[in-house]
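Working through the structure, step by step
Each chain is listed here by its residues.
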Amino acid sequence: LAPTARDEAKPMGLPGPRILIVDDQRQDLELASLLLQKELAQAQLLLAGDPLAYASALSDNPFDLVVSERRPAWAGGAGVIPALRRCFPQAALILFSRDADPADDLAAARLGLDYVIGKSSAGFLQLPLAAQRLLAGRAGGDSEQMHGALLQRLPTGLFELDPETQVVSCLNPACRHLLRLD
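Residues numbered from 1 in each chain as written. Predicted model: local features only at pLDDT ≥ 70, side-chain atom pairs only at ≥ 80, totals over all residues. Heavy atoms only, no water.

Let's talk about the packing of aromatic side chains
Between two aromatic rings, the relevant description is the distance of the centres plus the angle of the planes. The following threshold applies: In this analysis, rings of Phe, Tyr and Trp, with Trp reduced to its six-membered ring, are considered paired at centre separations within 6.5 Å, and the interplanar angle assigns stacked below 30 degrees, edge-to-face beyond 60, and tilted for intermediate values. Secondary structure counts use DSSP, requiring at least four H or I residues in a row for a helix and at least two E residues in a row for a strand, with both numbered from the N terminus. For each residue, the accessible area found with a 1.4 Å probe, counting protein chains only, is set against the maximum for its type, and the residue is called buried under 20%, exposed over 50%, and partly exposed in between.
Evaluation of the coordinates by the stated rule reveals three aromatic pairs. With centroids separated by 5.0 Å and ring planes inclined at 90°, the aromatic side chains of phenylalanine 63 and phenylalanine 88 adopt a geometry described as edge-to-face. Of this pair, phenylalanine 63 sits in the loop between helix H2 (51-58) and strand E4 (65-68) while phenylalanine 88 sits in the loop between helix H3 (81-87) and strand E5 (92-97), placing them 25 residues apart in sequence. With respect to burial, phenylalanine 63 and phenylalanine 88 carry one shared label: buried. Ring plane angle 90° and centroid distance 4.9 Å describe the contact between phenylalanine 96 and phenylalanine 124, whose orientation is recorded as edge-to-face. Remark: phenylalanine 124 occurs in helix H5 (residues 121-140) and phenylalanine 96 occurs in strand E5; sequence separation between them is 28 residues. Each member of the pair, phenylalanine 96 together with phenylalanine 124, is buried.

In structure tokens form, the structure reads like this:
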């Protein structure tokens, strides 16, 4: 499809999980949306390929999943991930970028990412699978799965504390090892 002068933020699909895709490369945006729509037929996709569509998406209702390029050209070199995390703190977040380094788990955890996927042939095929896993984990309420495979590999112990009961729940294997619960 030929690029348009302004990429509209447009919902697609039937009621289901809400997914925002942010990318400045029109072909990548469209291919990612086609692959996600094929595997997640009930999903509502919102495409943000320019600054106006992105700004509109930031004020939209919450999303279940956000897939984003790290630094879209129209963002002036600024990273959009921190703004997306602030606006949609409960959403699963996938960095889908040409400059993504899936091996940099610590930096990804600091950004609040659930997955880091490089844009390649394999990455485009991995994207719908990662989305399915994250959405299934959120629907099931499984907190360990909800935090994604990325945090499972992180060598830092992560836990959550229930403020009412003061019960600590480990969220990754490093926490269980640290507290000698293995």
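Looking at H2
Stated formally: An arc is given here, and it is the one of the directions from the helix axis to the C-beta atoms. By definition in these notes, contact holds between two residues if any of their heavy atoms fall within 4.5 Å. Under the rule applied, a polar contact is a pair of N or O atoms within 3.5 Å (in protein, one hydrogen donor and one hydrogen acceptor; residues adjacent in sequence only if both atoms are side-chain atoms).
For H2, the set of buried residues is Ala53, Tyr54 and Ala57. For H2, the angular spread of buried residues about the axis comes to 100°, placing them on one side. Its buried side turned inward, H2 meets strand E2 (18-22), strand E3 (44-48) and H3. Its side-chain oxygen placed 2.9 Å from the backbone nitrogen of leucine 52, aspartate 50 serves as the N-cap of H2.

Structural notes on the pattern of salt bridges
Quick note on the threshold: Any Lys or Arg side-chain nitrogen found within 4 Å of a carboxyl oxygen on Asp or Glu counts as a salt bridge.
Within the structure shown, the criterion is met by seven salt bridges. Here arginine 98 makes a salt bridge to aspartate 28, at a shortest N to O gap of 2.8 Å. Placement of arginine 98 in the loop between E5 and helix H4 (105-110) and of aspartate 28 in helix H1 (residues 26-39) is noted, with a sequence separation of 70 residues between them. Given the relative accessible area of 54%, arginine 98 is considered exposed. Between lysine 38 and glutamate 39 there is a salt bridge; the shortest N-O distance is 3.8 Å.

Quick word on the side chain of serine 33
Tracing the chain through its elements places serine 33 in helix H1. A polar side-chain atom of serine 33 sits 2.8 Å from the main-chain carbonyl oxygen of glutamate 30.

A closer look at the confidence of the model for the protein chain
How we decide: pLDDT expresses how confident the predictor is about each individual residue, on a scale running from 0 to 100.
Looking at the protein chain as a whole, the pLDDT averages 79, with 78% of positions reaching at least 70. Every residue in residues 1-8 is under pLDDT 50, and counting partners more than four places away or in other chains gives 15 contacts.

A look at the nonpolar core
To keep things clear, this is the line we draw: Nine residue types can take part in a nonpolar core, namely buried Ala, Val, Leu, Ile, Met, Phe, Trp, Tyr and Cys, and a core is a set of them joined through side-chain atoms within 4.5 Å.
Core analysis: the biggest nonpolar cluster contains 22 residues, and Ile19, Leu36, Leu65, Val67, Ile94 and Leu127 have the highest contact counts within it. Elements represented by at least two residues in this core include exactly E2, H1, E3, E4, E5, strand E6 (115-118) and H5. The dominant element in this core, judged by the number of residues it contributes, is H5, at six residues. For leucine 127, the residues in contact, after removing those within four places along its chain, are Ala32, Leu36, Val67, Ile94, Phe96 and Ile117. Core analysis: the second largest hydrophobic core is formed by 21 residues, Ala53, Val66, Ala100 and Ala108 among them.

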